[in-house]
Amino acid sequence: MLIDGEPWRTIGLAEDGWRVTIIDQTRLPHAFVTATLETLEDAARAIEIMQVRGAPLIGATAAYGLCLALRADASDGALAAACARLLRTRPTAVNLRWAIEDMRGRLAALPPGERVAAAYARAAAICEEDVAICRAIGDHGLALIRAIAAAKPAGEPVNILTHCNAGWLATIDWGTATAPIYRARQEGIPVHVWVDETRPRNQGAALTAFELLHEGVPHTVIVDNAGGHLMQHGMVDLCIVGTDRTTRTGDVANKIGTYLKALAARDNGVPFYVALPSTTIDWSLTDGVREIPIEQRDPREVTEITGCAADGRCTTVRLTPEGSPAANYAFDVTPARYVTGLVTERGLCPATAEGLAALFPERAAAAAG
Ligand code: MRU
């Protein structure tokens, strides 16, 4: 998608053909800076400190992290150690495990001398597949927006609420929750997006707003607690969010606060959709609330906030009394019963085991046995 009118992707190879270039998302929206990854440790740290984040992008970065690891040492032991290091970076997004297992399965079967080239080829393919998947999610989700627009007075925008950043910055391109929005825009359907700020790391205020601004999509940033009020007053036609891990029964883990939006949506009759690539489905889990690991991050993300002045100088300030403890749960789980439907690359389905199995029969069968 566009930044200052120029097309970008979130990750790719540098001109030398082996180093990995990322957009440093910790600097957005105040500075647009790229970073270069040269080692396994660079890739692992980029995921841990959230220079890259968002479930699909975490997976793609891990895939390239394995490429960098194998350049240094392509032995069986080094491959196993690199997989273990990357798996420890963040616990909730299952795309990380998916990408590592996909890469490991292919690479372990090859002699060490062939692994580096094969790793780079597969990492690039994972990225291309993700772009195609997100584009397909956009096409399927577009139908939802089109139907809502058709029921509104001509020219009135479809008001869509989203949480966190499930945009192109969380994937390689297009995004998941944002892909239908970008497609609607391309089709000339008027849309307006309510952007939840998404404390504590403000991925909505910093990243989703940045994306939408650069794509020319009308939007308004709101505090996390505003969504219920807007829904009560008919100001939200549709919620679309992303997910970091969805069980085979349709329970959805996503950024903390998503569950409360789903409850408000149910109370107000607002459709609540979750957009996801099939790489985000954990076919081994049936009970999201009990089984999905929820990341807990540094409490300072809650007790402090960083902002930047017009001259570019950034400052971190304390929000809470010195001595008050804070807890930082990064994700929550929305039970499937609150999800109106899932938007996948193969189409829409109910958030149920049967719905997902109908769209992905081969994966459901493989998981069953
Ligand atoms: O902690 P983050 O920024 O990695 O969390 C991201 C989200 O919760 C996204 O909604 C999710 O990864 C979907 S990405 C298309």
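Below is a summary of the structure that appears in this document. The model shown is predicted, which means the values in this text are computed figures rather than measured ones. (Residues numbered from 1 in each chain as written. Predicted model: local features only at pLDDT ≥ 70, side-chain atom pairs only at ≥ 80, totals over all residues. Heavy atoms only, no water.)

Here we come to the packing of helix α1 (residues 40-48) against helix α2 (residues 55-72). α2 packs onto α1 with a crossing angle of 165° between their chain directions and a minimal axis gap of 8 Å. Taken together, α1 and α2 sit at an angle that is classed as roughly antiparallel. Here the hand of the crossing between α1 and α2 comes out left-handed. Here Leu40, Ala43 and Ile47 of α1 come into contact with α2, specifically with Ile58, Thr61, Ala62, Gly65, Leu68 and Ala69. Per-class residue counts for the contact of α1 with α2 are seven nonpolar, two polar and no charged. (Axes fitted to C-alpha atoms, helices over the stretch in contact; angles between N-to-C directions. Helix = DSSP H or I, 4+ residues; strand = E, 2+ residues; numbered from the N terminus. Parallel < 35°, antiparallel > 145°, perpendicular 65-115°, else oblique. Left-handed = near helix turned anticlockwise from the far one by under 90°. Contact = heavy atoms within 4.5 Å. Nonpolar A, V, L, I, M, F, W, Y, C, P; charged D, E, K, R; others polar.)

Moving on, we get to unusual backbone geometry. Here the bond from leucine 28 into proline 29 is cis, since omega is 5°, no more than 30 degrees from zero. Here proline 29 is to be found in the loop between β4 (20-23) and β5 (34-37). One non-glycine residue, tryptophan 174, adopts positive backbone phi at about 70°. Mapped onto the elements of the fold, tryptophan 174 is located in the loop between β6 (158-162) and α6 (179-186). A relative accessible area of 11% places tryptophan 174 in the buried class. (Buried < 20%, exposed > 50% of the residue type's maximum accessible area, 1.4 Å probe, protein only.)

Below, the discussion takes up the state of the cysteines. Disulfide: a covalent bond formed between the sulfur atoms of two cysteine residues. Counted according to the given criterion, the structure contains one disulfide. Residue cysteine 308 pairs covalently with cysteine 314 via a disulfide, S to S 1.9 Å. Here the disulfide of cysteine 308 and cysteine 314 is right-handed, its torsion about the S-S bond being about 100°. In this model cysteine 164 remains outside any disulfide bridge; the closest cysteine sulfur is found in cysteine 239, 15 Å from its own. Looking at cysteine 349, it has no disulfide partner, and the nearest cysteine sulfur is the one in cysteine 134, 16 Å off. Its relative accessible area of 7% is what places cysteine 349 among the buried residues. (Disulfide = S-S within 2.5 Å.)

If you look at the biggest cluster of nonpolar residues, it comprises 77 residues, and the most contacted ones within it are Ile11, Met103 and Ile145. In terms of nonpolar packing, the next biggest core, distinct from the first, is built from 29 residues, Met231, Ala262, Phe272 and Cys349 among them. (Core = buried A, V, L, I, M, F, W, Y, C linked by side-chain atoms within 4.5 Å.)

So, on to the sheet that holds β4. Reading across the sheet, the three strands line up as β3-β4-β5 and stay open at both edges, with antiparallel pairing between neighbours. Unpaired on one side and paired on the other, β3 (11-13) and β5 mark the two borders of the sheet. Each adjacent strand pair in this sheet contributes to an overall mean axis angle of 30°, direction not counted. Judged from the three bridges that link them, β3 and β4 form a sheet pairing that is antiparallel. Each residue of the ladder has a partner; that of glycine 12, found in β4, is threonine 21. Those strands touched by α2 are β3, β4 and β5, and its axis lies near 25° from that of β3. (Pairing = 2+ DSSP bridges.)

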